[in-house]
Amino acid sequence: MRSCHPDLPRLWLVSDARTDRVFEAAIRRLPRGSGVIFRHYHLPPPERAARFARVQRLCRRHGHLAVLAGSARQARRAGAMAAYGAPTQLARGPALVRLVTAHSLAEIAAAGRARADAILLSPVFPTHSHPGARLLGGLRFRLLAAHSPVPIIALGGMNPRTAKRIGGFAWAAIDGLTSSRA
């Protein structure tokens, strides 16, 4: 069972339309060296590109890794050092850090074939992003993670309290890092 690669952050903030208005404030509160996954799918392409450029500058000032959701080519064109998405999006393209999503053993295998550097495995616990989704729970999460060829990052219902329940894994959150209690 591998936690996160030593060169990758152990804490990740993921953007979401629901948390858009507090996103930059949440970035400022993150510990130095965290990761920020910029999705912002709700914005039109020109606005999304401009917003990502602002987020990248903020991340650089705070020592965070800014990751763009999309293909490796899109991430490279935007000046990102990493891309986030499905294995099919990231299997080709320029060399850069690739973060891939997975929900099952088959998807973990697909992420390995797509040259993923880390996998966001979800949903671990109940989450506002995917209400009613089939949850992994702590035990199944750890069992799936043990079969991963690359480091695993827990996602789904994660916050400082639930992160303790899964052990020494890196973790990512939307609500768990954007609320005033985070």
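Our structure's up above, just so we're on the same page.
What counts as what
Residues numbered from 1 in each chain as written. Predicted model: local features only at pLDDT ≥ 70, side-chain atom pairs only at ≥ 80, totals over all residues. Heavy atoms only, no water. Helix = DSSP H or I, 4+ residues; strand = E, 2+ residues; numbered from the N terminus. Rg over C-alpha atoms; globule rule 2.2 N^0.38 Å. Buried < 20%, exposed > 50% of the residue type's maximum accessible area, 1.4 Å probe, protein only. Contact = heavy atoms within 4.5 Å. Areas by Shrake-Rupley, 256 points an atom, 1.4 Å probe, with all protein chains shown as cover. Lys, Arg positive; Asp, Glu negative; His and termini not counted. Charge placed at Lys NZ, Arg CZ, Asp CG, Glu CD. Pairing = 2+ DSSP bridges. Axes fitted to C-alpha atoms, helices over the stretch in contact; angles between N-to-C directions. Arc of directions from axis to C-beta. Right-handed = clockwise from strand over helix to strand, strands pointing away. Phe/Tyr/Trp six-rings, centres within 6.5 Å; stacked < 30°, edge-to-face > 60°. Core = buried A, V, L, I, M, F, W, Y, C linked by side-chain atoms within 4.5 Å.

Caption draft 1: Representation of the overall build of the chain. For the chain, the helix and strand inventory stands at 8 helices and 8 strands. Against the globule reference of 16 Å for 182 residues, the chain gives a C-alpha radius of gyration of 15 Å, in line with a compact fold. Here the C-alpha coordinates of the chain stretch approximately 40 × 40 × 30 Å along the principal axes. Counting all 182 residues of the chain, 51% fall into the buried class. Within the chain, counting contacts between residues at least 6 apart in sequence, those at least 24 apart form 50% of the total. Surface summary for the chain: the accessible area is close to 8900 Å², and the carbon and sulfur share equals 56%. Across the chain, 28 positive and 8 negative side-chain charges occur, with their mean positions spaced 4 Å apart.

Caption draft 2: Spatial organisation of the sheet that holds strand β3 (residues 65-69). Spatially, β1-β2-β3-β4-β5-β6-β7-β8 is the arrangement adopted by the 8 strands of the closed barrel, whose pairing is parallel. Between one strand axis and the next, the sheet turns by 25° as a mean value, whatever way the strands run. Across 4 bridges, strand β4 (residues 82-85) lies against strand β5 (residues 97-102) in parallel orientation. Bridging across to β5, Y84 finds its partner in L99. Contacting β2 (35-38) and β3, helix α2 (residues 45-62) crosses the sheet at an angle of about 160° to β3.

Caption draft 3: Region of interest: helix α6 (residues 137-145). Listing the buried residues of α6 in full gives G138, F141, L144 and A145. Taken end-on, α6 shows its buried residues confined to a sector of 135°, consistent with a single buried face. Turned more than 90 degrees off the buried face of α6, the exposed positions are L139 and L143. Packing partners of the buried residues in α6 comprise α5 (105-113), β6 (118-121) and β7 (152-155).

Caption draft 4: Representation of the pairing of strand β8 (residues 170-173). What you see with β8 is no split at all: A170 and A172 on one side and W171 and A173 on the other are buried throughout. One ladder, built from 3 bridges, connects strand β1 (residues 11-14) with β8; its direction is parallel. If you follow L13 over to β8, its bridge partner there is A173. In this sheet, β8 lies alongside β7 in parallel orientation, the contact comprising 3 bridges. Looking across to β8, one finds that L155 is bridged to A172. You can see the chain leave β7, run along helix α7 (residues 160-165) and come back into β8, and the turn it takes is right-handed.

Caption draft 5: Spotlight on the packing of aromatic side chains. Scanning the entire structure with this criterion turns up 3 aromatic pairs. Taking the centre distance of 6.4 Å and the plane angle of 55° together, the rings of F23 and F38 count as tilted. One end of the pair, F23, is in helix α1 (residues 23-29); the other, F38, is in strand β2, and 15 residues separate them in sequence. Accessibility assignment for this pair places F23 and F38 in one class, buried. Through pairs of rings, three or more aromatic residues link up here, namely F23, F38 and F52.

Caption draft 6: Quick peek at the nonpolar core. Judged by nonpolar contacts, the single largest core of 43 residues is most densely connected at I27, I119, L121, F141, M158, I166 and W171. When residues in this core are grouped by element, the largest group, 4 residues, is from α2. Each residue touching W171, except ones within four places of it in the same chain, is listed here: R10, L11, W12, I153, A154, M158, N159, P160, A163 and L177.

Caption draft 7: How the structure looks around the side chain of D20. Considering the arrangement of structural elements, one finds D20 in the loop between β1 and α1. Look at D20 and you get buried, because its relative accessible area is 19%. Ignoring any residue separated from it by four or fewer positions in sequence, one finds D20 in contact with H40, H42 and R51.

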